[in-house]
Amino acid sequence: MDARRFVAEKTEEIRQAVGENRAIVALSGGVDSAVVTVLGHHALGNQLVAVFIDDGLMREGEGAMVAGAFADEGIDVEILDRAEEFFATLTGLTDPEDKRKAFRDTFYKTLGTAVSDSDAKFMLQGTIAADVAETKAGVKTQHNVLEQIGLDPGSYGLQILEPVRELFKPQVREVARELALPESISERMPFPGPGLATRVVGEVTPERVATVRAATVIVEEELAELRPFQCMAVLLSDRATGLRDGGRAFGQIIVVRSVESNDALTATPTEVEWSKLRQIQERICAEVPGVVKVLYDLTPKPPSTIEYI
């Protein structure tokens, strides 16, 4: 792929499609949405409205980080606090596909309202080839796939443009480098659209998300030097007996997962030193309330997926 030509072509395509209208882009901070946001900004300038949806399911400090990073690119990012709506949508749901579809519905309803409020006519989004492939194959529902599986974006009041839909992650990173995005964005590890909801097995509640968020900070800090394709903490729905303060504690179980991959369609577990795994376990049990057991996931993709939900 010629990244320079791709940037020129997609910038012009966006400009021609939107014309004199306004467009909106949902910026999550990942490389896919970041590339689409910068392409849109190059094409449209002030006609583009960038929003960060704070759904209560993001990593620690994500909204402030995203707004700060893109302010440096000359792009103002509006933060929409919608955590209450997303948690209400997920209440009582435990089936993985039910949760993903509920998240998708709330995500697009939120964007439909934002489009209307900003008088935008188009929405840009960072759907990539792997998102479409996995959704169409029935592996798991990606939150940003509609038309490809027969769903009408118009039902949410949206006309959607997907400039990087034909690219896989390595190609998206090439484009990010061509756009001179900082390495903290261009090389950032993938993070799922439904956020930490994909790493909570069972019902998604603010309390359970807080647990996995705190464990995520530790896992990402401890494995940063290994530069895995993706690493994470996962909260299981089961509990286990442990010891706290000399007595019995029936507590939470955290799974640590780290994988190596190129296109996210296949993956192998990262070979992590035993001493590092032990350090992660000790920190999680000491720093995350209620956790009494930490496991490491050795399963490749396939037969597993990278995420748990």
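Quick caveat: nothing in here was measured; it's all calculated off a predicted structure.

Draft legend 1. Inspection of the overall build of the chain at higher detail. Each helix and strand in the chain was counted, giving 10 helices and 9 strands. On C-alpha atoms alone, the chain measures out to a radius of gyration of 20 Å, which is about the 19 Å that the 2.2 N^0.38 rule sets for 309 residues. Structurally, the chain occupies a C-alpha span of about 70 × 40 × 35 Å along its principal axes. When each of the 309 residues of the chain is scored for burial, the buried share is 54%.

Draft legend 2. Expanded view of the pattern of salt bridges. All told, the structure shown has 17 salt bridges when counted by the stated rule. Residues Arg 188 and Glu 62 are paired through a salt bridge, measuring 2.9 Å at the closest nitrogen-oxygen approach. Taken together, the residues Arg 188 in the loop between helix H8 (183-186) and helix H9 (206-223) and Glu 62 in helix H3 (residues 62-71) connect sequence positions 126 residues apart. For Arg 188, a relative accessible area of 17% translates into the label buried. The shortest N-O distance in the salt bridge between Glu 222 and Arg 283 comes to 2.9 Å. Of this pair, Glu 222 sits in helix H9 while Arg 283 sits in helix H10 (residues 274-287), placing them 61 residues apart in sequence.

Draft legend 3. Spotlight on the sheet that holds strand E4 (residues 122-124). Spatially, E3-E2-E1-E4-E5 is the arrangement adopted by the 5 strands of the open sheet, whose pairing is parallel. With partners counted over all chains shown, the strands left at the sheet margins are strand E3 (77-81) and strand E5 (160-161), one partner each. Judged from the 3 bridges that link them, strand E1 (residues 23-26) and E4 form a sheet pairing that is parallel. Residue pairing in the sheet places Ala 23 in a bridge with Phe 122 of E4.

Draft legend 4. Highlighting the packing of helix H1 (residues 3-18) against helix H2 (residues 31-44). Closest axis-to-axis distance for the H1/H2 pair is 8 Å, and the angle between their directions is 60 degrees. What the angle tells us is that H1 and H2 run oblique. As H1 runs across H2, the sense of the crossing is right-handed. Listed contacts from H2 to Phe 6, Val 7, Lys 10, Thr 11, Ile 14, Arg 15 and Val 18 of H1 are Leu 39, Gly 40, His 42, Ala 43 and Leu 44. Split by residue class, the contact of H1 with H2 holds 7 nonpolar, 3 polar and 2 charged.

Draft legend 5. Local environment of the side chain of Asp 32. Note on placement: Asp 32 falls in helix H2. Judged by its relative accessible area of 12%, Asp 32 is buried. Discounting residues that sit within four places of it in the chain, Asp 32 has contacts with Gly 126, Ile 128, Lys 169 and Val 172.

Draft legend 6. Main features of H3. When we look at burial in H3, the residues that qualify are Glu 62, Gly 63, Val 66, Ala 69 and Phe 70. Along the long axis of H3, the arc covered by the buried residues comes to 140 degrees, so they all point the same way. Buried positions along H3 lie against H2, strand E2 (48-54), E3 and H8.

Draft legend 7. Up close: the nonpolar core. Counting residues in hydrophobic clusters, the biggest one holds 86 residues, and the most contacted among them are Val 35, Phe 70, Leu 181 and Ile 284. Among the elements that make up this core, the one with the highest residue count is H2 (8 residues). Judged by nonpolar contacts, the second largest core, of 12 residues, contains Val 234, Val 259, Val 292 and Ile 306.

Draft legend 8. Just the pairing of E2, in detail. When you tally the buried positions in E2, you get 6 out of 7 residues, the bulk of the element. In this sheet, E2 lies alongside E1 in parallel orientation, the contact comprising 4 bridges. Bridge pairing links Val 25 to Ala 50 in E2. You can see the chain leave E1, run along H2 and come back into E2, and the turn it takes is right-handed. Pairing geometry for E2 and E3, over 5 bridges, is parallel. Counted as the bridge partner of Asp 54 is Asp 81 from E3. Each parallel crossover has a hand, and the one from E2 via H3 to E3 is right-handed.

Draft legend 9. The arrangement of the pairing of strand E7 (residues 247-260) in detail. Burial analysis of E7 places 10 of its 14 residues in the buried class, which makes it a mostly covered element. With 12 bridges joining them, strand E6 (residues 230-244) and E7 adopt antiparallel strand pairing. Looking at E7, one finds that Ala 233 is bridged to Val 256. Between E6 and E7, which pair antiparallel and follow one another directly, the connecting turn spans 2 residues, one of which, Asp 245, has a positive phi of 55 degrees.

Cut-offs applied
Residues numbered from 1 in each chain as written. Predicted model: local features only at pLDDT ≥ 70, side-chain atom pairs only at ≥ 80, totals over all residues. Heavy atoms only, no water. Helix = DSSP H or I, 4+ residues; strand = E, 2+ residues; numbered from the N terminus. Rg over C-alpha atoms; globule rule 2.2 N^0.38 Å. Buried < 20%, exposed > 50% of the residue type's maximum accessible area, 1.4 Å probe, protein only. Salt bridge = Lys/Arg side-chain N within 4 Å of Asp/Glu carboxyl O. Pairing = 2+ DSSP bridges. Axes fitted to C-alpha atoms, helices over the stretch in contact; angles between N-to-C directions. Parallel < 35°, antiparallel > 145°, perpendicular 65-115°, else oblique. Left-handed = near helix turned anticlockwise from the far one by under 90°. Contact = heavy atoms within 4.5 Å. Nonpolar A, V, L, I, M, F, W, Y, C, P; charged D, E, K, R; others polar. Arc of directions from axis to C-beta. Core = buried A, V, L, I, M, F, W, Y, C linked by side-chain atoms within 4.5 Å. Right-handed = clockwise from strand over helix to strand, strands pointing away.

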